[in-house]
Amino acid sequence: MLLATSAAVLGLGLAAPAMAGGTLRIAMTASDVPTTTGMPNNGYEGMRFLGYPIFEGLVLWDLSSADTLADIRPGLAESWSQDPNDPTKWVFKLRHGVTFHDGSPFNADAAIWNLERYYNSDAPQFEPQGSAIVRARNPNVAGYRKIDDYTLEISTDRPLSYFPYLLVYMLYSSPTQFEKVGSDWAAFAKAPSGTGPFKITDFKPRISVSLAKNATYWDKDRVPKLDGMELYPMPEATTRLAALRSGQVDWIEVPPPDAIPSLKGAGYEIVTNSYPHNWPWVFNLAKEDSPFRDVKVRQAANYCIDRDGMVELLNGTAEPSYGFFKKGSGKFGSPANAYTFDPDKAKALLAEAGYGPDKPVKAKVMISTSGSGQMLPLPMNEFLQQTLAQCNIAIDFEVVEWGTMLVAFRNDPTGPQSLGVDAMNISLVSSDISQMARWFWSANMAPNGSNWGHFQNAEYDKLLGEIQVASGDADVSAKVKRLNEIVVDEAPWLWIVHDLNARAMSDKVTGFVSAQSWFQDFTPVDLK
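Residues numbered from 1 in each chain as written. Predicted model: local features only at pLDDT ≥ 70, side-chain atom pairs only at ≥ 80, totals over all residues. Heavy atoms only, no water.

In this structure the tally under the stated criterion is 31 aromatic pairs. An aromatic cluster is present here, built from Y44, Y52, W61, Y169, Y275, W518 and F519 joined pairwise through their rings. Lying over the aromatic face of Y322, K327 brings its terminal NZ or CZ to 4.4 Å of the ring centre. The ring of Y355 carries the charged tip of K359 above its face, separated from the ring centre by 5.1 Å. (Phe/Tyr/Trp six-rings, centres within 6.5 Å; stacked < 30°, edge-to-face > 60°. Lys NZ or Arg CZ within 6 Å of the ring centre and 35° of its normal.)

Structure, rendered in structure tokens:
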């Protein structure tokens, strides 16, 4: 089915060569065009291509530099502050002069309308799919109210010092356009309207989506240089490679590692950079018969994977992972376990847990065929399977499409969506403390949040609680390091590699800055 889809893509609308200064054509790893209602599915690849270029949030990422980890900046809100008397309340001063693509104004009424869309299931504009995505990423919104036309208050169910970092994942669509198309999200998806630097002009499900420059974009320094973009879903790496080599696209995400030397030799540019990415196995600690409920088994698995061999397999497009944060980041700390490829130590730990040659660990892992940040999941997981077998850990795979995995990840790990697996190989973000809370805080256990594995640790929760109530200028760095130490030693994840964000592009592409982020800014990109 996927091969047929990509073949169809290659045969439709891709024959015309790129025009200098015209339309940039990109092959994504997604198997379908992400949803276009303003809260895209398909993970962060969906946000990268059908999120931020078209729709925006109160808070946005600063994607202007390749040299430092991307941080947040003002977006549709010019500023924000936490109420000193009630730290559950945040006041946002909205930006004046912003209009949606349909010409209607962005103001407090539009913001409230979108919050109702996500958090009020009785609202006429409630969007179930967008709501599920937003609530999983930001489950702590407790209320909101308009103070005046350009001032908004949002409250949380507890103090969250990092709350602005969660708001980058909530995007705003036009209420006027929704009403114009008949108050129907399916109709809105065909003619969407946001406030971003690009606007959607054509949408063909499973085939392509066309974007055009928003020449009247409110941020005059970021009006796109491109006339437009064409985005194509191509989940197979070899299909993306063929499309690039034949000139049918200008840019591909995640080129096949073994093709990188020949691409360089042919004059294509290979762009890589560090970014806050983890490619782990998330252990299912809620499944009563899972062997990974035993910390010794989790640690043994971490001592029995050949990270350097994996990096070699990927031709240097990844770096070894030893914890949530990267070594050298200043947030890694000093965990008791320094994971190396040490099968003897792994076997010793397994023996303490009651496993050995006569009683191997048996587990099933959900893996995807492709997906946002998933790199090359099939050969990578086969490599892990072979490596772990050396330590008497026998792994079977449950292979699913990316969308199926995302649905499972938002539901209870013992529910039918998880198909009885003991772990899930899903790429996840490690940008800041808000994401540590998202993946490991016991209050965020799925389906109420994104702690799919149901990890719980009393010291972790206590330290995180102290960080949540800290004032804005408090130094919490020592506590953040301790949080990383806890998750390294408790090993709720199999720490495998961090992606280096590889993409290949023709020499016609200029102006691209590879931000240290899952997301990228396409406004400075041009074609020569």
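The discussion continues.
Quick look at the environment of W518 now. Mapping W518 onto the fold places it in the loop between β21 (509–510) and β22 (526–527). In the structure, W518 is positioned 146 residues away from S372 in sequence and 9.3 Å away in space, judged by C-alpha atoms. Beyond its immediate chain neighbours, meaning those up to four positions away, W518 contacts Y44, R48, Y275, P276, H277, S372, G373, S427, L428 and V429. From its side chain, W518 meets the backbone oxygen of P276 in a polar contact 2.9 Å long. (Helix = DSSP H or I, 4+ residues; strand = E, 2+ residues; numbered from the N terminus. Contact = heavy atoms within 4.5 Å. Polar contact = N/O pair within 3.5 Å; in protein donor to acceptor, adjacent residues only side chain to side chain.)

This paragraph deals with the sheet that holds strand β7 (residues 151–156). Taken in spatial order, the four strands make up an open sheet running β4-β5-β7-β6, and their pairing is antiparallel. Looking at strand neighbours, the two that pair on one side only are β4 (77–82) and β6 (141–148), the edges of this open sheet. Neighbour-to-neighbour, the strand axes of this sheet turn through a mean angle of 20°, independent of strand direction. Strands in contact with helix α3 (residues 108–119) are β5 (89–94), β6 and β7; relative to β6, the strand with the most contacts, it is inclined by about 165°. (Pairing = 2+ DSSP bridges. Axes fitted to C-alpha atoms, helices over the stretch in contact; angles between N-to-C directions.)

Okay, the state of the cysteines next. The term disulfide refers to a covalent linkage connecting the sulfur atoms of a pair of cysteines. Using the criterion set out here, one finds one disulfide in the structure. In this model, C304 is linked to C391 through a disulfide, with the two sulfur atoms separated by 1.8 Å. One disulfide, between C304 and C391, carries an S-S torsion of 90° and so falls in the right-handed class. Of the two residues, C304 sits in the loop between α10 (295–303) and α11 (307–313) while C391 sits in the loop between α13 (377–389) and β16 (393–400), which places them 87 residues apart along the sequence. (Disulfide = S-S within 2.5 Å.)

It is worth stressing that arrangement in space is one thing and function is another; only the former is reported here.
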